[in-house]
Amino acid sequence: MSAPFPLPGMYYGDTSRLGRPFAKDPAVVRFGERYLLYYSIPAYSSDNAGTAAPGPPTGWGIGIAQSQDLDHWTRLGEVPPDTSDHSPEGNGFCAPGAIVLNGEVHLFYQTYGNGPRDAICHAVSGDGVHFRRNPSNPIFRPAGDWNNGRAIDADVIPWKGDLLLFFSTRDPEGKVQMGGVASSPLSSGFGRETWRQLGDGPTIKPELAWEQDCIEAAAVCEEGGRLYQFYGGAYNNAPQQIGCAVSDDCINWKRVSDSPLLPNGRPGEWNQSESGHPFIFRDPLDGRTHLFYQGNADNGVTWYLSRREIRWENGLPILV
């Protein structure tokens, strides 16, 4: 794109499905001798249908890329859809959260295209590329009269012997997006019967003017014994911007600032329409923290993934 501002060091878009760069919802792990990036890819365009295996699926999917330096990424392929009878992924699946546990990559992701019936699914891989589904999929959707039963945007983190699952849902009218959390023992297989919803309402919901009607895409890490949640405030291109909140118990959250930590870009910048859907990655090689996110400059005609490093000062995240 022609712009008066330099492009970031990481500027990744997948052209396989639409013929133009389009990658959303990043999740990153260090696995073996490489970094792996999982991200959402849209349904094939009519021009590109049939140009890539498998399928082609008609709905959203999950792409895979690899890197040696966190900036330069090469597409590896995508996670094949579950085409079994009665699969919850029949209309599509996307928005992966990824973590390495006991030498395997675990993906927690959402179904797509089912409205209030969308839910969280789980799959495991020994090589980071070929996944086996949890036989109890979907593994989680929220209960309670404060939400409409939908669960999307999974993110997970080990915490005090459990795996915490952060998710986004909507109010009963389906208008306001907000956050929730559930837990499963780390020793479990993360099947549907192992999850326990925590709290009796949203853990975080829109309150600030810039957040509008949406808080989504929780990205959680631990720093100094506390949990920090990076989140997307406002719906896509509204513009969505990234905020941060802190918690000592995973249920009650306090914002570290009333302003976005990472706002959308200025006119002419690559992310002028949005900086959104964060993912936090702590590199096991050097302990550095990286904020991955999505952005675009054309109201969603294209989507790119990028990253910013974070340093910690006095309990606060600072963008490098």
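Chemist: Would you take a moment to explain empty space enclosed by the protein for this structure?
Modeler: Gaps left between atoms show up when a probe the size of a water molecule is rolled over them. Taken as a whole and assessed by the stated rule, the structure comprises two cavities of 30 Å³ or more. The wall of the largest cavity is formed by Pro 26, Ala 95, Pro 96, Gly 97, Asp 153, Ala 154, Asp 155, Ala 217, Ala 218, His 277, Pro 278 and Phe 279. Among the elements of the structure, β5 (93-101), β9 (152-159), β13 (215-223) and β17 (274-282) are those that each provide at least two residues to the lining of the largest cavity. Each residue belonging to the lining of the largest cavity can be placed in one class, and the counts come to eight nonpolar, two polar and two charged. In this structure, the second largest cavity occupies an estimated 50 Å³ of space. Looking at the second largest cavity, the residues that line it are Phe 166, Phe 167, Ser 168, Gly 179, Gly 180, Thr 203, Ile 204, Ile 215, Glu 216, Ala 217, Ala 218 and Gln 229. For the lining of the second largest cavity, the secondary structure elements donating two or more residues are β10 (162-170), β11 (177-185) and β13.

Chemist: Would you mind going over the sheet that holds strand β7 (residues 120-125) with me for this structure?
Modeler: Sheet strands line up and pair through hydrogen bonds in the backbone, either parallel or antiparallel. Taken in spatial order, the four strands line up as β5-β6-β7-β8 in an open sheet, and their pairing is antiparallel. Only two strands of the sheet have a single neighbouring strand rather than two, namely β5 and β8 (131-133). In this sheet, neighbouring strand axes are inclined to one another by 30 degrees on average, regardless of whether the strands run parallel or antiparallel. The pairing of strand β6 (residues 104-111) with β7 spans six bridges and is antiparallel. Bridge pairing in β7 links Tyr 109 to Cys 121.

Chemist: Would you take a moment to explain the sheet that holds strand β16 (residues 254-255) for this structure?
Modeler: Read across the open sheet, the four strands follow the order β13-β14-β15-β16; overall the sheet is antiparallel. Strands with a single pairing partner mark the edges of an open sheet, and in this sheet they are β13 and β16. Strand direction decides the pairing type here: β13 and strand β14 (residues 226-233), joined by seven bridges, are antiparallel. Residue pairing for β14: Glu 216 is matched across the bridge by Gly 232.

Chemist: Would you mind going over the pattern of salt bridges with me for this structure?
Modeler: Any two side chains of opposite charge can pair, so long as their charged atoms come close to each other. Under the counting rule described, the total for this entry stands at 15 salt bridges. Here Arg 266 ties to Glu 269 by a salt bridge, and the two come within 3.2 Å at their closest N and O atoms. Given the relative accessible area of 18%, Glu 269 is considered buried. Salt bridges sharing partners connect three or more residues here, namely Asp 14, Arg 17, Arg 75 and Glu 78.

Chemist: So what exactly am I meant to see when it comes to the environment of Asn 271 here?
Modeler: Following the sequence through the fold, Asn 271 ends up in the loop between β16 and β17. Distance in space between the C-alpha atoms of Asn 271 and Asp 286 is 28 Å, their sequence separation being 15 residues. Here Ser 275 takes part through its side chain, which lies 2.8 Å from a polar atom of the side chain of Asn 271.

Chemist: Just to check I follow, could you spell out the nonpolar core for this structure?
Modeler: Formed by 31 residues in total, the largest nonpolar core has its most connected members in Tyr 12, Val 28, Leu 37, Tyr 38, Tyr 39, Trp 73 and Phe 292. Breaking this core down by element, the ones donating at least two residues are β1 (24-31), β2 (34-41), β3 (61-67), β5, β6, β7 and β17. The element best represented in this core is β2, accounting for six residues. What Val 28 contacts, discounting residues up to four positions off in sequence, is Leu 36, Leu 37, Leu 70, Trp 73, Phe 279, Phe 281 and Phe 292. With 17 residues, the next largest nonpolar core counts Val 181, Ile 204, Val 220 and Ala 245 among its residues.

Criteria and thresholds
- Residues numbered from 1 in each chain as written.
- Predicted model: local features only at pLDDT ≥ 70, side-chain atom pairs only at ≥ 80, totals over all residues.
- Heavy atoms only, no water.
- 1 Å grid on protein atoms, 1.4 Å probe; cavity = no way out; pocket = protein on both sides within 12 Å on 5 of 7 lines; lining within 4 Å.
- Points joined across faces, edges and corners; volume = space filled by probe spheres on them.
- Helix = DSSP H or I, 4+ residues; strand = E, 2+ residues; numbered from the N terminus.
- Nonpolar A, V, L, I, M, F, W, Y, C, P; charged D, E, K, R; others polar.
- Pairing = 2+ DSSP bridges.
- Axes fitted to C-alpha atoms, helices over the stretch in contact; angles between N-to-C directions.
- Salt bridge = Lys/Arg side-chain N within 4 Å of Asp/Glu carboxyl O.
- Buried < 20%, exposed > 50% of the residue type's maximum accessible area, 1.4 Å probe, protein only.
- Polar contact = N/O pair within 3.5 Å; in protein donor to acceptor, adjacent residues only side chain to side chain.
- Core = buried A, V, L, I, M, F, W, Y, C linked by side-chain atoms within 4.5 Å.
- Contact = heavy atoms within 4.5 Å.

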